[in-house]
Amino acid sequence: MGFESEATTRSGESSDREVLDALDPAVREWWVDRFGSPEQDGGCLTPPQREAIPLIHAGENALVAAPTGSGKTLASFTAILNELFERERAEGLDNEVYCLYVSPLKSLANDIERNLAEPLAGIGDRLAERGVETDVRQAIRHGDTSSYERQQMLEETPHILNTTPETLAILLNSPKFREKLRSVEYVVVDEIHSLADSKRGTHLSVSLERLQRLAGDFTRIGCSATVEPLADIARYLVGFDRAEDGSADEPSGQGPRASDGARNCEIVDARFARDYDLRLSCPTPDLVNASKGAINDAFYEELGDLVAANESTLVFTNTRSGAERVLENLRERGVVGEEESACHHGSLSKDRRQAVEAQLKEGSLSVTTTSTSLELGIDMPHVDLVVQVGSPKSVASLLQRVGRAGHRPGRTVTGRVIALDRDELVECAVMLRQAEQGFVDRVHIPERAHDVAAQHVYGMAIEGPLPEAEVRATLRSAYPYREYGDDDFERLFRYLTADYDGLGDRNVYAKIWRDENDPPGGDDGDPDDPTSGTHHYPEFAVGERLVGKRGRLARPILLQNLGTIPDSFTVNVYVRGDDEWVGQLDESYLDTLEAGDVFVLGGDRFAYRYRRGSKVYVDRTSERATVPSWFSERLPLSYDLGREIARFQSELVAKHEAGGAAAVRRWLREFPVDANAVRALARMYDDQIQYAGVESVSTTDRVAVEEVKDRDEYRRRYHVRTPYGRRFNDGLSRLLAYRCANEANANVAVSVADNGFTLAMPLNRKVDVAELLRQTDPGEARETLRDALDGTDLLQRYFRIDATRALLVLKRYKGREKSASKQQVASEMLLGFAEDLEDFAVLEETYRELIEDKLDLAGVREVLAAVQSGDVEVTETTLQSPSPLSFGLATLSASDVVLADDEDAVLRAFHERVREHVDD
């Protein structure tokens, strides 16, 4: 498959010449020496460079969306260097920062070397040849920068400062360096797509607004890989003009949705500016009856052929353990030797990762395996093929990963996806077809987060006193807070002023004060009053509401606890009763566990019961695992791609009804998939329809519910096949499980996957799940989910995370550090107290984050509304054994077939029952 940009961009030799002619001669010469003449075939600028450089030269805000390796970061730096060199010659540069480059990566050195240090040195050499001396300086600053280096930056300040979101926030709250930022004229936010969908990005958006209040207007440049919707990402980048009365100022220019006050932003849409060659393969046409060994052998034979046919291959898996296992197998099978192969992931030491990155840069590795750690920021020009094992869960992630191949302008991006699981085969087939058609998943940007707001309001108060109206306007200028209303502010201020009885008894004190500015002579105007001027600030009007800090240690408390990335820890697992220690679990894995869930640890099965601080208590069990070991590592399927899967199944059902399995095979051959994949997909859906009927396939206008009686385990299971991703299914399953448990008066176990979920209860209990789904009011979904989350371990964990972000629980205080496990204990003691308070900001944020960000309330409401309106019907089928489309749900613990020993005998037994029915 090949496809290229449909974006309207200027092209041709004249446009390249026009762009270069606007640059300083030394800059132009360096560019031509590096990338060739504008008159050469294809020119010397990539599409995003051709568009972005003139925009930055003109001082326009710009979002540059283009694939990895298309030179967008280099374009930003080149245009800014051009301006700085010209300014230096014309009027000189002060000892201050003129450009901030913000990246999500601490390991900035590789990207900075390629995109800034090299052009800075090269252009400087050409200026020296002309007898022009230059001293444009750049430096990197992040959390690991030594105190000596930080002091040196104060004395000899870099004109271009490269940093992370967290360090930028620290600099804004550091009195000395803060003054160095008043001269900022450019801010480049790199990899903006990877920031916008997290609270890390929320924090950065407010930092940029605080910088705007400090430095005045500056040019904002966002560099993004393939992402959607561009208009919202652009508004996230540039923010809003807000007057201090809270209203929107008159917008300037016609940027995205400028009518709502968003600042102007030009969008360079070159997301498909590179040629792509992508294809999906399946090792065998039968993923059920083929043995585990046969599937693995076929997989590694195909992977070995791909490695042998290419200079350097990068292999992405969906788990860190998977990356290790694939490399081990390639070595054991003699495909590659140890010296020419390597593994790279976040659990390895920094030195080891840097060594692998150096080998990738120099091209000495034939194959490198990884999970997610090589998606961003590493220069790997010699990689000519990317292989993705299993589904990357979104089109955006697929294009980001395969974009690491051909990481040089003009080269084709070559990617191969290998699916070893039938559910992922469906995902990948749809994903590659949608990529071919230019589809991109939407980014979910968290909104109205109280914990991040608490940090920034505290920081602004420390720099104060200042008018409350300015605090409100600054916060509401940031995209995530554009709809932060008066009630939100009152809730936040009540928390920060500790306006709750009993907080002080728990060592939680006010962080800010909030009051009206008194008259200069005291409240009664008497100049002889001994309290005269105590609450009067002459720079502000009398009666103006002000905000200021409380406590002498306010600044160190903020600087030592600033940021949004949560600490995590491993929990010890004990068997109840005898307190036998059986191992450890990563804390994030607990997000997936509810009481009664079964998981595997050390080869044994355990039923999860409860958690106390850093300890988890379980019972031994012989029941089949309901939560796979890899669950917490994998990215969830995007909701948008899930909707496309539903549309795919609608089309497939129509093809099948018109011409049977043969018509389905003919249609599937139009997809970028191999013959094995076509046969496997066609057979699976043909078996499904013959076994359970066409109404058992979920489509754009149908949700299929399947009831199966498991008499061996005395369980009744309801498989709800909603293909909208794990976040959606986590939300809808919790909502339905809560209602089922109330109706059946029984515990309901839940297993969640990307293509649906399973509700299980004792066989002597029965609930009409389909009717419950029909009757669930989307308007009540938030409150029902809130009730379902009450008292759960998930709520306890996220309350701790948000409590530390909101500075309710301090990670660091007076030189002492509180471990994540101790933070958990402290937060659990506060949670019970907080639940009795009215509208307590930290608890409200915990529920908001869980319900909106983790459980996809918007998607759940959308589907429930469609069910209520009749646009989507709910069908129910009662079967003696799971249908083919439910195999993955019924054997959830065994679905990672290439990387873990699964219970494939169970899968084959299900399939045999289906075939017996179909063949009768």
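What comes next is a walk through the structure.

Scoring rules and cut-offs
- Residues numbered from 1 in each chain as written.
- Predicted model: local features only at pLDDT ≥ 70, side-chain atom pairs only at ≥ 80, totals over all residues.
- Heavy atoms only, no water.
- Pairing = 2+ DSSP bridges.
- Helix = DSSP H or I, 4+ residues; strand = E, 2+ residues; numbered from the N terminus.
- Axes fitted to C-alpha atoms, helices over the stretch in contact; angles between N-to-C directions.
- Buried < 20%, exposed > 50% of the residue type's maximum accessible area, 1.4 Å probe, protein only.
- Arc of directions from axis to C-beta.
- Contact = heavy atoms within 4.5 Å.
- Parallel < 35°, antiparallel > 145°, perpendicular 65-115°, else oblique.
- Left-handed = near helix turned anticlockwise from the far one by under 90°.
- Nonpolar A, V, L, I, M, F, W, Y, C, P; charged D, E, K, R; others polar.
- Core = buried A, V, L, I, M, F, W, Y, C linked by side-chain atoms within 4.5 Å.
- Patch = residues over 30% accessible without salt bridge, like charges linked within 9 Å, V, L, I, M, F, W, Y side chains within 5 Å.
- Areas by Shrake-Rupley, 256 points an atom, 1.4 Å probe, with all protein chains shown as cover.
- Salt bridge = Lys/Arg side-chain N within 4 Å of Asp/Glu carboxyl O.
- Lys, Arg positive; Asp, Glu negative; His and termini not counted.
- Charge placed at Lys NZ, Arg CZ, Asp CG, Glu CD.
- Polar contact = N/O pair within 3.5 Å; in protein donor to acceptor, adjacent residues only side chain to side chain.

**Thoughts on the sheet that holds strand β13 (residues 413-418)**
Part 1: Strand order in the open sheet made by the six strands is β8-β13-β12-β9-β11-β10, with parallel pairing throughout. At either margin of the open sheet sits one strand with a lone partner, and together these are β8 (276-281) and β10 (341-344). Each adjacent strand pair in this sheet contributes to an overall mean axis angle of 20 degrees, direction not counted.
Part 2: In this sheet, strand β11 (residues 367-370) lies alongside strand β9 (residues 313-316) in parallel orientation, the contact comprising four bridges. Counted as the bridge partner of Leu 314 is Thr 368 from β11.

**What to know about helix α20 (residues 554-561)**
Part 1: By the burial criterion, the buried members of α20 are Ala 554, Ile 557, Leu 558 and Asn 561. Taken end-on, α20 shows its buried residues confined to a sector of 95 degrees, consistent with a single buried face.
Part 2: In this structure, the buried residues of α20 make contact with α17 (450-462), β16 (545-549) and β26 (812-813).
Part 3: Taken from the residues just after α20, Gly 563 is the one with a positive phi, measuring 125 degrees.

**Here's the deal with the packing of helix α3 (residues 47-57) against helix α4 (residues 72-91)**
Part 1: At a minimum axis distance of 9 Å, the contact between α3 and α4 shows a crossing angle of 30 degrees. Taken as axis vectors, α3 and α4 run roughly parallel relative to one another. The element α3 and its partner α4 pack so that their crossing is right-handed. Contacts from Gln 49, Ile 53, Ile 56 and His 57 of α3 reach α4 at Leu 74, Ala 75, Ser 76, Ala 79, Ile 80, Asn 82 and Glu 83.
Part 2: Split into classes, the residues belonging to the contact of α3 with α4 amount to six nonpolar, four polar and one charged.

**Remarks on the sheet that holds strand β28 (residues 873-879)**
What links the strands of a sheet is backbone hydrogen bonding, and the strands pair in either a parallel or an antiparallel sense.
Part 1: With mixed pairing, the five strands of this open sheet are ordered in space as β24-β25-β23-β22-β28. Looking along the sheet, the strands with just one partner apiece sit at the ends: β24 (749-753) and β28. For this sheet the average axis-to-axis angle between neighbouring strands, irrespective of direction, equals 20 degrees.
Part 2: As paired elements, strand β22 (residues 702-710) and strand β23 (residues 715-721) share seven bridges and run antiparallel to each other.

**Observations regarding the environment of Val 618**
Part 1: Its location among the elements puts Val 618 in strand β21 (residues 615-620).
Part 2: Those residues in contact with Val 618 that sit more than four places away from it in its chain are Val 573, Tyr 574, Val 575, Arg 576, Phe 599, Phe 606, Ala 607, Tyr 608 and Arg 609.

**Quick word on unusual backbone geometry**
Part 1: The amide bond that connects Glu 228 to the next residue, Pro 229, takes the cis arrangement and shows omega of -5 degrees.
Part 2: Within the secondary structure, Pro 229 sits in the loop between β6 (219-224) and α11 (230-238).
Part 3: A cis geometry characterises the amide bond from Gly 464 onward to Pro 465, with omega recorded as 5 degrees.
Part 4: Relative to the assigned elements, Pro 465 resides in the loop between α17 and β14 (466-467).
Part 5: Phi at Lys 393 takes a positive value of approximately 80 degrees, unusual for a residue other than glycine.

**A word on the nonpolar core**
Part 1: Within the largest apolar cluster, 92 residues are counted, with the highest numbers of intra-cluster contacts made by Tyr 481, Tyr 495, Leu 759, Val 769, Phe 799, Leu 808 and Phe 840.
Part 2: Among the elements that line this core, the one with the most residues is α17, at eight residues.
Part 3: Look past the residues within four positions of Leu 759 in its chain and what remains in contact with it is Arg 716, Arg 717, Tyr 718, Ser 733, Leu 736, Ala 737, Cys 740, Val 748, Ala 749, Val 750 and Val 769.
Part 4: Core analysis: the next-biggest nonpolar cluster, separate from the first, contains 73 residues, Leu 314, Leu 374, Met 431 and Ala 680 among them.

**Some points on a positive patch on the surface**
Part 1: Taken together, the side chains of Arg 665, Arg 666, Arg 669 and Arg 679 present a region of like positive charge at the surface.
Part 2: Locating Arg 665 in the fold gives a position in helix α21 (residues 639-668).

**Looking at the side chain of Glu 447**
Part 1: The topology assignment puts Glu 447 in the loop between α16 (422-436) and α17.
Part 2: On the basis of relative accessible area, Glu 447 is assigned to the buried category, the value being 18%.
Part 3: A polar side-chain atom of Glu 447 sits 3.0 Å from a polar atom in the side chain of Arg 482.
Part 4: With sequence-adjacent residues up to four places away left out, Glu 447 is seen in contact with Tyr 479, Pro 480, Arg 482, Glu 483, Arg 848 and Glu 852.

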